[in-house]
Amino acid sequence: MKFYSTRNKKAEVSGAEAVMRGISEEGGLFVPQSFPVFSSEQIKAFCGAPYEEVATEIIGAFLPELKNELPEYTRAAYSRFDGDPAPLVKVCDNTYVLELWHGPTHAFKDIALTLLPHLLQGSKKLAGNSRTTLIPVATSGDTGKAALEGFSGVSGTAVAVFYPFGGVSDLQRLQMITTEGDNVFVAAIKGNFDDAQTAVKKAFTDAELKEKLAKLGIELSSANSINFGRLAPQVTYYFTAYADLVEGKQIRYGDKVDFCVPSGNFGDILAGYYARKMGLPVGRLICASNINNVLADFIRTGTYDARREFHKTSSPSMDILVSSNLERLIFDLSGENDELTAARMASLKESGMYSVTPKESEDMRKIFAAGYASEEEAANAIAEYFDEYGYIMDPHTAVAAAVAKKTREKKTLLVILSTASPHKFAASVLKAIDESPTGNELKDLQKLEDVTALEVPESLINLPAKEKIFTDCIKLGEVNGALVSFAERLGKK
Ligand SMILES: *Cc1c(COP(=O)(O)O)cnc(C)c1O
């Protein structure tokens, strides 16, 4: 299967190249030239199948060149989850929660980031590339740990994570700096998240650094959320959720199911759109935003307008004003018009906005619905689900639950995607259910368990006792030096 760029269809690459490159030269995103379609028989066969087998089928349809290795890769990735990687929990009549946070870092990014390193390793093998790929990551918290866990121990790869000093929670910091593995590195940076991100971006374009690393047999690459290798694994759980409903006799095959998705960069919900294109009986995809509601506004109006105030909320992974994966939807809606997509993205960059045509906007609303939830509405959703159903959810999932309440069609079966463990946001969750946080994140974990009977994952409980391996705090100008020292250590092994 071939892929091409949303901004230049002549830029054609194989799936393996799309994974290795991440982004096309002119800034476009790689999309499949055509979508694989699964027959109803094939989808029915997913009922009762282990998650990694479904993942192998779905991802293999996009990356057939890795077909032989995929069973091994998906097993390696998903055996790191605590049981089923995407269990579907019935909350009440017609409402289900798809829990995507049973991976090593207890957030949904694990689903893709545990597999991507293997896809990258396999793609490099196909290309005859024997260099070590080093992934520098700037993080405001969650992605850093998910990348560290995903890449740790995968040969031919390495990851270096930089987080803003004082800019992540204690829990997030402890999670990162206690990561074990010969191919991982973590440092705090004196500066805020934007500073860290700018410093990391500079490293990618620094010719002198590139040369130094090349001498050590090392090349830089990125693992950010626009890489198709992160998107493909997310398509799987839409299929397994549907198959679980059929298998549990909650629906009959062919019945439409709606999904409500707490959205930020638009990757999670786009995977649902792709699942629908691939033949899954998806009804409506409800895009849920917090008060940074640029996506919800776009879906309702057809105008994407990022010129607005940025709000910090209790669902930080959704605090985003430029949702990069949306470009793939825009491209699709335009009838795969690369010039038009390039022009719209240029307009977004220059003037902070663009509009699609009324026809495109209408087509979009045949599939997508949207809404946003205030901080109060999200907190109320946490309390309501806990009081009425004994179900406890994190603030990101709560945004989706609150939006679903306002926008869903009551008769249709609805699946709410749950993107983080409530424990990762214990203080917000405690407040929402009228309990006072203790002022100490680790104590909050225990308190949340005491109040809700939801057990704290062992890897979080044990954090304070673990060895703090990475205690460096570096200056912005020292990022490149830190990368070279890390590369020298890697080169010696
Ligand atoms: C990344 C993330 C989201 C948003 O997902 P997108 O694919 O960026 O739309 C929502 N919730 C949590 C907890 C996340 O980590």
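Since the model is a prediction, treat every value here as computed from it, not as a measurement.

> I keep staring at helix 6 (residues 116-127) and nothing clicks. Help me out?
Residues spaced three or four apart along an α-helix face the same direction, because each turn holds 3.6 residues. For helix 6, which comprises twelve residues, the first-to-last C-alpha distance of 16 Å matches the rise-based estimate of 16 Å (1.5 Å per residue) to within 8%. What helix 6 keeps buried is the set L116, P117, H118, L119, L120, G122, S123 and K124. Just downstream of helix 6 lies G128, where phi reads positive at about 70 degrees.

> Could you clarify how one ought to interpret helix 15 (residues 338-351) in this entry?
An ideal rise of 1.5 Å per residue puts 20 Å on 14 residues; helix 15 measures up with 20 Å between its terminal C-alpha atoms. Where helix 15 is concerned, the buried positions are D338, T341, R344, M345 and L348. Axial view of helix 15: buried residues confined to an arc of 130 degrees, hence all on one face. What points out from helix 15, more than 90 degrees from its buried face, is the exposed set E339 and E350. A side-chain oxygen of the first residue of helix 15 lies 3.2 Å from the backbone nitrogen of E339; this N-cap is N337. Looking at the residues trailing helix 15, positive phi occurs at G352, about 80 degrees.

> I tried to follow the sheet that holds strand 9 (residues 218-220) on my own but got confused; where do I start?
In sheet architecture, strand pairing relies on hydrogen bonds along the backbone and comes in two forms, parallel and antiparallel. In space, the five strands of this open sheet follow the order 9-6-7-8-16, with parallel pairing throughout. The open sheet terminates on both sides in strands that have one partner only, identified here as strand 9 and strand 16 (473-474). Here three bridges tie strand 6 (residues 132-138) to strand 9, and the two strands are oriented parallel to one another. Counted as the bridge partner of T133 is E219 from strand 9. Of the strands in this sheet, strand 6, strand 7 (157-164) and strand 8 (184-189) touch helix 7 (residues 142-151), which is tilted by about 165 degrees from strand 7.

> Quick question: what am I supposed to make of the packing of helix 4 (residues 70-78) against helix 6 here?
Two quantities define a packed helix pair, namely the angle between the helix axes and the distance between the axes. Where helix 4 contacts helix 6, the two axes come as close as 9 Å, and the packing angle between them is 155 degrees. Taken together, the axes of helix 4 and helix 6 lie roughly antiparallel to each other. In the packing of helix 4 onto helix 6, the handedness of the crossing is right-handed. Residues L70, Y73, A76 and A77 of helix 4 form the contact with helix 6, whose participating residues are H118, L119, Q121 and G122. Within the contact of helix 4 with helix 6, the residues separate by chemical class into five nonpolar, three polar and no charged.

Cut-offs applied
Residues numbered from 1 in each chain as written. Predicted model: local features only at pLDDT ≥ 70, side-chain atom pairs only at ≥ 80, totals over all residues. Heavy atoms only, no water. Helix = DSSP H or I, 4+ residues; strand = E, 2+ residues; numbered from the N terminus. Expected span 1.5 Å × (residues − 1). Buried < 20%, exposed > 50% of the residue type's maximum accessible area, 1.4 Å probe, protein only. Arc of directions from axis to C-beta. Polar contact = N/O pair within 3.5 Å; in protein donor to acceptor, adjacent residues only side chain to side chain. Pairing = 2+ DSSP bridges. Contact = heavy atoms within 4.5 Å. Axes fitted to C-alpha atoms, helices over the stretch in contact; angles between N-to-C directions. Parallel < 35°, antiparallel > 145°, perpendicular 65-115°, else oblique. Left-handed = near helix turned anticlockwise from the far one by under 90°. Nonpolar A, V, L, I, M, F, W, Y, C, P; charged D, E, K, R; others polar.

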